[in-house]
Amino acid sequence: MLFIGFLIRAGIQIFGAYPRLYWNDHCTPGTEWLKFPKRSIPTDRPWTALEQERDVSAWLGQPGGNNLGLGRHWHFSAALFWVLNGSVYVALLFATGEWQRLIPTSWSIFPDAWQTLLTYLSLHQPPPTAGLPYDPLQQLAYAAVVFLLGPFLILTGAAQSPGIEAQFPRYARLFGGRQGARSLHFLGLLAFVVFIVAHTFMVIVTGFSKNMGDIIFGQHQTDQGLAVIIGLALIASILAIYAVTAWGSRRWPRTTQHVLGPIIRPLMRALAVRTRSRQHYPPSSISPEFLVNGVPPDTAEYRRLVEDGFSAWRLEINGLVETPLSLTLADLHQMPVQTQITKHHCIQGWSGVAEWGGIPLSAILDVCHPLPAARFLILHSYQLDTSGQPFYESLDISLGRHPQTILADQMNGRPLPVPHGAPLRLRVETELGFKMVKWLRGIEFVADYRDLGAGQGGSREDNMFYEQAVGI
Ligand SMILES: Nc1nc2c(c(=O)[nH]1)N[C@H]1C(S)=C(S)[C@@H](COP(=O)(O)O)O[C@H]1N2
Ligand SMILES: [Mo]
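The rules behind these values
- Note on numbering: residues in each chain are counted from 1, in written sequence order.
- To read the labels, note that chains go from A and ligands from 1, taken in the order they are written.
- This being a predicted model, a pLDDT of at least 70 is required before a residue's local features are given, and a value of 80 or more before pairs of side-chain atoms are given or counted; all residues contribute to the totals for chains, interfaces and linings.
- The side-chain values count all of the structure's non-hydrogen atoms but skip hydrogen atoms and water molecules.
- Runs of H or I in DSSP of at least four residues are treated as helices and runs of E of at least two as strands, each being numbered from the N terminus.
- Buried residues are those whose accessible area, probed at 1.4 Å on protein chains only, stays under 20% of the maximum for their type, while exposed residues exceed 50% and partly exposed ones sit between those limits.
- Residue contacts are counted whenever heavy atoms from the two residues lie within 4.5 Å of one another.
- Accessibility throughout is a Shrake-Rupley quantity obtained with a 1.4 Å probe, and a residue counts as covered only by protein chains that appear here.
- Charge counting follows a simple rule: Lys and Arg are positive, Asp and Glu are negative, and His as well as the terminal groups are ignored.
- Every charge is mapped onto a representative atom, which is NZ of Lys, CZ of Arg, CG of Asp or CD of Glu.
- Domain borders in the structure are assigned automatically or taken from a domain database.
- Note: buried area is the sum, over both parts, of the accessible area (probe 1.4 Å) each one loses when the two are combined.
- Every case where a carboxyl oxygen of Asp or Glu lies within 4 Å of a side-chain nitrogen of Lys or Arg is listed as a salt bridge.
- Under the rule applied, a polar contact is a pair of N or O atoms within 3.5 Å (in protein, one hydrogen donor and one hydrogen acceptor; residues adjacent in sequence only if both atoms are side-chain atoms).
- Note on residue categories: nonpolar means Ala, Val, Leu, Ile, Met, Phe, Trp, Tyr, Cys or Pro, charged means Asp, Glu, Lys or Arg, and polar means any other residue, Gly included.
- Nearness here has a simple test: a residue counts as near a molecule or strand if at least one of its heavy atoms is within 4 Å of that partner.
- Points on a 1 Å grid over protein atoms alone make up a cavity when a 1.4 Å probe fits among them but cannot get out, and a pocket when they form an open set with protein on both sides within 12 Å along at least five of seven lines; lining residues each have an atom within 4 Å of a point.
- Should more than half of a molecule's atoms lie within 2 Å of a pocket's or cavity's grid points, that molecule is taken to sit in it.
- In short, DSSP must find at least two bridges between two strands for them to pair.
- For every element, the axis is a line fit to its C-alpha atoms; helices are fit only across the contacting stretch, and the angle between N-to-C directions ranges from 0 to 180 degrees.
- Two rings from Phe, Tyr or Trp (for Trp, the six-membered ring) form a pair when their centres are within 6.5 Å of each other. A pair whose planes differ by under 30 degrees is stacked, one over 60 is edge-to-face, and the rest are tilted.
- Put simply, a patch holds well-exposed residues, over 30% relative accessible area, that have no salt bridge, with like charges counted together within 9 Å and Val, Leu, Ile, Met, Phe, Trp or Tyr side chains within 5 Å.
- Grid points are joined across faces, edges and corners, and a volume is the space filled by probe spheres set on the points.
- The scheme is simple: roughly parallel for angles under 35 degrees, roughly antiparallel for over 145, roughly perpendicular for 65 to 115, oblique for anything else.
- Two helices that cross are described as forming a left-handed crossing if the nearer one is turned anticlockwise from the farther one by less than a right angle, and a right-handed crossing if clockwise.

As a further point, take the overall build of the protein chain. If you tally the helices and strands in the protein chain, you get 15 helices and 12 strands. Dimensions along the principal axes, computed over C-alpha positions, put the protein chain at roughly 85 × 45 × 45 Å. Counting all 472 residues of the protein chain, 49% fall into the buried class. Taking as baseline every contact in the protein chain between residues at least 6 positions apart, the subset at least 24 positions apart corresponds to 70%. As displayed, the protein chain offers around 22100 Å² of accessible surface, 65% of which is attributable to carbon and sulfur atoms. A distance of 3 Å separates the average location of the 36 positive side-chain charges in the protein chain from that of its 34 negative side-chain charges.

See the structure below:
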């Protein structure tokens, strides 16, 4: 109960970051099958996907407000404990023979469950199945939740990981793609809520104190009063835990990031850093409209660069390298070019497919020769973040050698447009979009990112409490 409540609450929080559901991975405005609020997007001015984030009430969301980063920390930490807890439960079911409570052994369960439903609807209480504590409808519902709905949520959750989809592009397709997986994951959440409401209702109306005895002590012959007290106290404690953790997260977001971060980090890093992108989508899957996040740099310096066609632009490569470089676009065009058609996953939840062309980062590493002490690349942008500081992100140096990590100056066969990061932006295809710094100014090699900004590994980690390596 504790973990599924965290999962549902934090799931609603995450949904609020992009409250639109699609069955196509382009997320073309107007093609959503569900959206909140109904108000549509501006047509009279450029807009960014970030404007579609919605505040979530703390009654519903964990931790409430506009808090995607912390919502993800809660969702993924709870998911780990929920899966661990569920695995122990299922292992014990089979180790003890108790699986027979849940798994029906005869097809007659379906007509029997239907009869049970009719009995309930006629406001009578059906008898439990002989030898079992549950009636057929109950058994079927429990079996479906434990063995179908639970795994379904795990599978559709995993299908939303950019790391998993990059390495196994066909996996997400089983669910209709990235957005299909997100839509199904949302419907799974609704199914869980319906089950919880119906289950709670039945516990109350079919003999509350007797049922509490069965739930708490495994019998209802004695101590029903005590079972009710313990049961209600447990429910009250769980609700109090949600309230206190939601409030605490909003009050001390950095502390929350530091407490929950280490729990989810090994998985996040494994999916972001250890997976290899092997995406080769056909040109026909390129999105007609690719959404934008981040507003182009609004500085005189950048405007001058745009005006003279980026001829004065340089990519400065420095820090812990043997050979610092200062590269013009013409220098970059001397290097080997790579194109790739890949799927972009924004942390908010939207996606899009485009063809990117540019220089493999590994080619740059081969020329600048990072020193052994260099463990991270810092990508610096011309753009100022919402905090007023230059946008930056860090990347594990090992990712620089991944096959589809490139510095792109081409999009869909044309020079990179300004909204998408002209003249040069990063593509790192196993991670979420915010790592792919646009309007690049330079790359700095460092031993640690803790001395930069607020020390969390990038602008979004510093200001929005995201993780540094984001394979989910
Ligand atoms: N400099 C800079 N780079 C940025 C951002 C930003 O705000 N500033 N937004 C990031 C986010 S959140 C995403 S999803 C992608 C979006 O890339 P696109 O605008 O080409 O779709 O760029 C990333 N790179
Ligand atoms: Mo994003």
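Text resumes after the structure shown.
Our focus in this paragraph is the domain arrangement of the protein chain. Taken domain by domain, the protein chain holds domain 1 (2–271) and domain 2 (278–464). Facing the 32 residues of domain 1 at the interface are 32 residues of domain 2. Across the domain 1 to domain 2 interface the summed buried area is about 2700 Å²; carbon plus sulfur atoms make up 50%. At the junction of domain 1 and domain 2, the tally comes to 3 salt bridges. Notably, a salt bridge pairs Lys 343 with Glu 165, separated by 2.6 Å at the nearest N-O pair. Linking domain 1 with domain 2 are 22 residue pairs in polar contact (both at pLDDT 80 or more), by the criterion used here. The residue makeup of the side of domain 1 that touches domain 2, split by class, is 14 nonpolar, 10 polar and 8 charged.

Looking now at the site of ligand 1. The immediate surroundings of ligand 1 are formed by 20 residues, with Leu 291, Gln 383, His 420, Arg 425 and Lys 438 found nearest. Within the backbone of Asn 293, an N or O atom sits 3.0 Å from an oxygen atom of ligand 1. Protein chains bury 99% of the 530 Å² of accessible surface belonging to ligand 1 in isolation. According to the grid-proximity analysis, the pocket containing ligand 1 is the largest cavity. Of the residues contributing to the shell around ligand 1, the split by class is 10 nonpolar, 7 polar and 3 charged.

Per the stated rule, a full pass over the model turns up 14 salt bridges. Ionic pairing is found between Arg 101 and Glu 98, a salt bridge with its closest N-O pair at 2.5 Å. Given a relative accessible area of 34%, Glu 98 falls into the partly exposed group. Close ionic contact of Arg 303 with Asp 298 constitutes a salt bridge, the shortest N to O distance being 3.1 Å. A relative accessible area of 41% means that Arg 303 is categorised as partly exposed. Connected via shared salt-bridge partners are Asp 25, Glu 165 and Lys 343.

Counting through the fold element by element, Asp 462 comes out in helix α15 (residues 459–464). Buried charge without a salt bridge: Asp 462, with Arg 254 as the nearest opposite-charge side chain at an N-O distance of 5.1 Å.

Turning to the sheet that holds strand β12 (residues 440–446), a few remarks are in order. Read across the sheet, 5 strands follow the order β4-β3-β12-β7-β8 without closing on themselves; strand pairing throughout is mixed. In this open sheet, the two edge strands, each paired with only one partner strand, are β4 (325–327) and β8 (390–396). Between one strand and the next, the sheet's axes are offset by a mean angle of 20°, whatever the strand orientation. Pairing geometry for strand β3 (residues 315–319) and β4, over 3 bridges, is antiparallel. Within β4, the residue paired with Ile 317 across the bridge is Leu 325.

Before going further, it helps to spend a moment on the packing of aromatic side chains. Considering all chains together, one arrives at 20 aromatic pairs under this definition. Joined through ring pairs, the aromatic side chains of Phe 6, Trp 74 and Tyr 242 make up one cluster.

Together, Leu 80, Phe 81, Leu 84, Ile 263 and Leu 267 give the surface a local cluster of nonpolar side chains, amounting to about 410 Å² of exposed area. Elements represented by at least two residues in the nonpolar patch include exactly α2 (68–96) and α11 (253–274). If you tally residues by element for the nonpolar patch, the top one is α2, at 3 residues. Structurally, Leu 80 can be placed in helix α2.

This paragraph deals with the layout of surface pockets. Any empty space left between the atoms is revealed when a probe the size of a water molecule rolls over them. The calculated volume of the second largest pocket comes to roughly 1000 Å³. Around the second largest pocket, the lining is made up of 42 residues, and of these His 75, Phe 76, Gly 157, Gln 160 and His 185 lie nearest the centre. For the lining of the second largest pocket, the elements supplying multiple residues, two or more each, are α1 (2–16), α2, α5 (136–158), α6 (162–167), α8 (177–205) and α11.

On to the packing of α1 against α8, then. Relative placement of two packed helices is described by the angle separating their axes and the distance separating the axes. Here α1 crosses α8 at 140°, and the two axes come no closer than 11 Å. Put simply, α1 runs oblique to α8. Note on packing geometry: the crossing formed by α1 with α8 is left-handed. For the pair formed by α1 and α8, the contact residues are Ile 4, Ile 8, Ile 12, Ile 14 and Phe 15 on the first element and Arg 182, Phe 186, Leu 189, Phe 192, Val 193 and Ile 196 on the second.

This part covers the packing of α2 against α11. At a minimum axis separation of 9 Å, α2 and α11 run at an interaxial angle of 50°. Relative to α11, the element α2 lies oblique. The way α2 lies across α11 gives a crossing that is left-handed. Residue-level contacts link Leu 70, Arg 72, His 73, Trp 74, Phe 76, Ser 77, Leu 80 and Phe 81 of α2 to Pro 253, Thr 256, Gln 257, Leu 260, Gly 261, Ile 263, Ile 264, Leu 267 and Met 268 of α11. Of the residues that constitute the contact of α2 with α11, the class distribution is 11 nonpolar, 5 polar and 1 charged.

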